[in-house]
Number of protein chains: 2
Amino acid sequence: MRRNNPAGRLPEPPNPIADDGDETHFCRTCAFSGACIAEGYGKPELLELHCLVEHVGPFHAGEHVFRTGDPFRSIFAVRAGTVKTSMVDAEGHEQVLGFYLPGEVIGLNAIYPDHFPCDAVALDTAYFCRFSFPAMSALATRMPAVQQRLFSLISKELGMATLLAGDHNADARMAAFLTDLARRYEERGFSGTRFHLSMSRGDIANYLRLAAETVSRVLSRFRQQELIELEGRELVLRDPERLQQLGRNLLPR
Amino acid sequence: MRRNNPAGRLPEPPNPIADDGDETHFCRTCAFSGACIAEGYGKPELLELHCLVEHVGPFHAGEHVFRTGDPFRSIFAVRAGTVKTSMVDAEGHEQVLGFYLPGEVIGLNAIYPDHFPCDAVALDTAYFCRFSFPAMSALATRMPAVQQRLFSLISKELGMATLLAGDHNADARMAAFLTDLARRYEERGFSGTRFHLSMSRGDIANYLRLAAETVSRVLSRFRQQELIELEGRELVLRDPERLQQLGRNLLPR
DNA sequence: CGGCAAAGATGACTTGCGTCAAGCGCGGTT
DNA sequence: AACCGCGCTTGACGCAAGTCATCTTTGCCG
C-alpha cells in the first residue's frame, strides 16, 4: 500500500491509484462503493454497476477530460490524479469551479443543461472511471441506494458552491481552501497535514476569486505566522486548528 | 385568469395562486408537472404523485417554512408568494442564498446533509406544496421522468450558485439579478418587464454580496440611465437588453 | 393627527484587494 | 554555459465598494 505519499516523486502517476477493484469490488476510495455496501447488495448488483463502468486514462497534465458544450453522456470518478473544472465567461475570462481528487466525481453539473457547462483539465497524470449516465440513471431506478447516492453527490456539490459564494476576505478563503483540501485528502486515506498542491497559484487564486498576487501574499503571511510550511507546492499544515478557525465561516458545519 | 398582475394590491395573497390543480392535474406552474406530461403518464401515475403532496400555508411575511437544523423530510414547491433562504455563519452573519417564486422548489440543498442547512422565510403571504422526500424518491424509482426531474432541479440550482460565486462588479451583479428575476417571472406566466420586488434592499444586497448602500446607489444609477423605473418596490425594466448585456457574465448561457 | 421605527437614499471617508511593475529562481533548450 | 520563459514573490499605488453618518420617506399604532 502506498499511503501518505501524495507528494511522491514517482514518474507516473504522481498520485498513485489507491487500489484497483475487480469484478466484484470497488476501488476503495470510490464515490459509489458505499452506496452498495451500505445496503448489502451482492455480487449480481455489483456486477451490474461494474458493467457500466469504463476505465479511461491516462490523461496527462493539461489534457481535457471534457470540454464546454460536449454532449452530456457520462460522469467521471477520479481514480488517480487531480482535475480542475472551469468555465469561460462571455468576456473570455476563465473561472475555476473546483479541484477534484481521487474518489471524487465530476460532471454532475452537466445534468441540467444536458451538456457540459465547463471544461475539465487534468492537472497531473489522471485516470478515471467513466459511468454512462443514462445507464446509471436506469440502474438507480432499481437500486435506491444508487439513486440516493446520486442525489447526495449533487446536493453536496451544491453545498460547496454555496459556501464559496459568500463574501469573505482573502485570509478566510485561503484558510478554508487548505482546510477543505486537507479534509478531503484525509477522507481518502492520504495525509491530511502534508500534501502536494497540484494546482498553480494562479488556479488557486482564480478558484478563490482573488488575484494571484494576493494568494502569494496570504501564503507568505501564513508561513511567517507559522500556520503552514510551504516549499514550492509541497505543503505542511503546522496549525490546522487555527486554519480551520480562520476559515470557519466558509466551511460546512 | 389572473396573469400580469404580480404587483396587484390584493389584500392576500399578494401574488395570486396561478391555479390550483385537482386530482389529476398539476398547478400549471408546478415544477413537476412537466415530468409526467412529457412521458405521457396517465391518471394512475398522476394520482400517485398527488397522493404524496400536501398543501400547506398560508405563511405570512417573516414566518419560517423551515429552520436550519430541522430534519430533512420534505421538499417544498412554492404555490404562491416569495421565499428567501439564508444561512447564518459562525459569526452570526446572515447570508441570503436565494429567492424563490411560484413554481420553484426549495429544500434540495438539504438532501446531502439530511437536515436543512438554511432557514426559509416567507417574504409575503406564501403557500406551498409539500412533497415527502422519501415518498418522492420511491416514486422516482418507478417513474424515470420524476427521477430525471429531481436530478435536473438540483443540478440547475448548482449552476445558479456557481454563477453568483464569480467576481463581478456591483452593476453586473445587479443587472444579472434583475434579468434573472424577469426571466423567472416570465417563465411562470407573469410579466417579465414589470413586477414587484418582494425583498428589501438589504436582502438584495446580502444576496448579491454587496452593501445595502451600494444596492441603493446602483439602482439610482440604473434609474437615471433609464434602464429601469423604480418606485419603492415596483419595478419596470425599461431596457431589458442592455441590462442583460451588463449582467451577461453571470447569466446562464 | 403626531410620533416612532424601519427602509431607503446620499455624501464623505476608509480600506482590502486588484493592478502594474520589477525582480528572482528554476527547468528546458540549443 | 548562456538564454529564455514561466511560475512565483514583493512593493507601490489606485479604485471599487464597504463603513459611517445624516437625512428623507414610508408605514404603523396609539
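Every chain's residues receive numbers from 1 upward, in the order its sequence appears when written. Numbering of ligands from 1 and lettering of chains from A proceed in the order in which they are written. Per-residue local features are limited, in this predicted model, to residues with pLDDT of at least 70; the limit for side-chain atom pairs, both in listing and counting, is 80 or more; totals at the level of whole chains, interfaces and linings are taken over all residues. For side-chain calculations, the full set of non-hydrogen atoms in the structure is used, while hydrogens and water are omitted.

**Considering the interface of chain A and chain B**
Note the following rule: The contact criterion used is simple: two residues touch if any of their non-hydrogen atoms lie within 4.5 Å. Reported buried area values correspond to the accessible surface (1.4 Å probe) lost by two parts on association, with both partners' losses combined. The rule for a salt bridge is simple: a side-chain nitrogen of Lys or Arg has to be within 4 Å of a carboxyl oxygen of Asp or Glu. What qualifies as a polar contact is a pair of N or O atoms within 3.5 Å, subject to a donor-acceptor requirement within protein and to the restriction that residues adjacent in sequence count only when both atoms come from side chains. Here a helix means four or more residues in a row that DSSP labels H or I, a strand means two or more in a row labelled E, and each is numbered from the N terminus.
Contact with chain A, which involves 39 residues of that partner, is made by 39 residues of chain B. A buried area of about 3,600 Å², summed over both sides, lies between chain A and chain B, and 61% of it is on carbon and sulfur atoms. Three residues stand out in chain A for area buried against chain B, namely Y112, F151 and L158 of chain A, and they jointly supply 18% of the buried area on that side. Across the chain A-chain B interface, the total number found is 2 salt bridges. As a salt-bridge pair, R248 of chain B and E91 of chain A come within 2.9 Å of each other at their nearest N and O atoms. Our count for the chain A to chain B interface comes out at 14 residue pairs in polar contact (both at pLDDT 80 or more). Elements with a contribution of two residues or more to the side of chain A that touches chain B: strand 4 (83–88), strand 5 (94–100), helix 3 (133–142) and helix 4 (144–164) of chain A. For the side of chain A that touches chain B, the element with the most residues is helix 4 of chain A, which contributes 13 residues.

**Let's talk about helix 5 (residues 170–187) of chain B**
Residues and elements named next belong to chain B. Defined as follows: To estimate the expected span of a helix, subtract one from its residue number and multiply by 1.5 Å. Residue burial is assigned from relative accessible area. The probe radius is 1.4 Å, only protein chains are included, and a residue is buried under 20% of its type maximum, exposed over 50%, and partly exposed in between.
If you check helix 5, its first and last C-alpha atoms are 26 Å apart, about what 18 residues at 1.5 Å a residue would give, namely 26 Å. Across the 18 residues of helix 5, 15 count as buried, placing the element largely inside the fold. G189 sits one or two positions beyond helix 5 and adopts a positive phi of about 95 degrees.

**Thoughts on the layout of surface pockets**
Worth spelling out the cut-off: Here the term cavity refers to a set of points on a 1 Å grid, laid over the protein atoms alone, in which a 1.4 Å probe fits but cannot get out; the term pocket refers to an open set having protein on both sides within 12 Å along at least five of seven lines, with lining residues being those that place an atom within 4 Å of a point. Grid points are joined across faces, edges and corners, and a volume is the space filled by probe spheres set on the points. By the convention adopted, Pro, Cys, Tyr, Trp, Phe, Met, Ile, Leu, Val and Ala count as nonpolar, Lys, Arg, Asp and Glu as charged, and the other residues, Gly among them, as polar.
Computed from the structure, the second largest pocket encloses a volume of approximately 670 Å³. Around the second largest pocket sit 31 residues that line it, and Y100, E104, K156, E157 and M160 of chain A are the ones nearest its centre. For the lining of the second largest pocket, the elements supplying multiple residues, two or more each, are strand 5, helix 4 and helix 5 (170–187) of chain A together with helix 4 (144–164) of chain B. Top contributing element to the lining of the second largest pocket by residue count: helix 4 of chain A, with 8 residues. Considered class by class, the residues forming the lining of the second largest pocket number 16 nonpolar, 6 polar and 9 charged.

**With respect to the protein's contact with DNA strand C**
Our working definition: Here a residue is considered near a molecule or strand provided that any single heavy atom belonging to it is located within 4 Å of it.
Near DNA strand C there are 16 residues, and of these A170, T214 and R217 of chain A together with S216 and S220 of chain B occur at the shortest range. Close to the protein, within 4 Å, the atoms of DNA strand C are drawn from sugar and phosphate at a rate of 61%. Here E213 of chain A contributes a side-chain N or O atom positioned 3.2 Å from a base nitrogen of DNA strand C. Here a base nitrogen of DNA strand C and a side-chain polar atom of R217 of chain B are 2.9 Å apart. Listed by contribution, the elements that provide at least two residues to the surface near DNA strand C are helix 7 (212–224) of chain A together with helix 7 (212–224) of chain B. By residue number, the principal contributor to the surface near DNA strand C is helix 7 of chain B, which donates 5 residues.

**Topic: the protein's contact with DNA strand D**
Around DNA strand D sit 16 residues, and of these S216 and S220 of chain A together with N169, A170 and T214 of chain B come closest. Sugar and phosphate atoms represent 63% of those atoms of DNA strand D found within 4 Å of the protein. Between DNA strand D and S216 of chain A there is a distance of 2.5 Å, counted from a phosphate oxygen to a side-chain nitrogen or oxygen. Within the contact set of DNA strand D, a phosphate oxygen lies 2.5 Å away from a side-chain nitrogen or oxygen of T214 of chain B. Contributing elements (two or more residues each) for the surface near DNA strand D: helix 7 of chain A together with helix 7 of chain B.

**Some thoughts on the sheet that holds strand 10 (residues 228–231) of chain A**
Residues and elements named next belong to chain A. Convention followed: What makes two strands pair is DSSP finding at least two bridges between them. Each axis is a line fitted through C-alpha atoms, and for a helix only the stretch in contact is used; angles between axes span 0 to 180 degrees, taken between their N-to-C directions.
Read from one edge of the open sheet, 3 strands run 9-11-10, paired in antiparallel fashion. With partners counted over all chains shown, the strands left at the sheet margins are strand 9 (194–196) and strand 10, one partner each. Each neighbouring strand pair of the sheet contributes to a mean axis angle of 15 degrees, computed without reference to strand direction. Relative to strand 11 (residues 234–237), strand 9 is paired through 3 bridges, and the arrangement is antiparallel.

**Quick word on unusual backbone geometry**
The phi torsion at R209 of chain A lies on the positive side, around 60 degrees, for a residue other than glycine. With a phi angle near 60 degrees, E226 of chain B is a residue other than glycine that sits in the positive phi range. Its place among the elements puts E226 of chain B in the loop between helix 7 and strand 10 (228–231).

**A word on the sheet that holds strand 8 (residues 126–132) of chain A**
Hydrogen bonds between backbone atoms are what pair the strands of a sheet, whose relative direction is either parallel or antiparallel. Residue and element names in this part refer to chain A. With antiparallel pairing, 4 strands are arranged side by side in an open sheet as 1-8-3-6. Of all the strands in the sheet, just strand 1 (53–59) and strand 6 (105–106) have a single pairing partner and so form its edges. Across 6 bridges, the pairing between strand 3 (residues 74–80) and strand 8 is antiparallel. Paired with V78 across the strands is F128, a residue of strand 8. Helix-sheet contacts for helix 3 involve strand 3 and strand 8, and the interaxial angle to strand 8 is about 60 degrees.

**A short note on the environment of P240 of chain B**
Looking at the secondary structure, you find P240 of chain B in helix 8 (residues 240–246). In sequence terms P240 of chain B and A182 of chain B are 58 residues apart; their C-alpha atoms lie 8.8 Å from each other.

**Section: the relation of the copies chain A and chain B**
Our working definition: A residue counts toward the fit only if its pLDDT is at least 70 in both copies, and the copies are then superposed by least squares on the C-alpha atoms of those residues.
Once chain A is rotated about the relating axis by 180 degrees and shifted along it by 0.1 Å, it coincides with chain B to within an RMSD of 0.0 Å. The superposition of one copy onto the other is thereby described by a two-fold rotation axis. By residue overlap, the copies meet face to face through one surface: 100% of the interface positions of chain A are interface positions in chain B.

So far we have only geometry, and geometry alone does not tell us how the molecule works.
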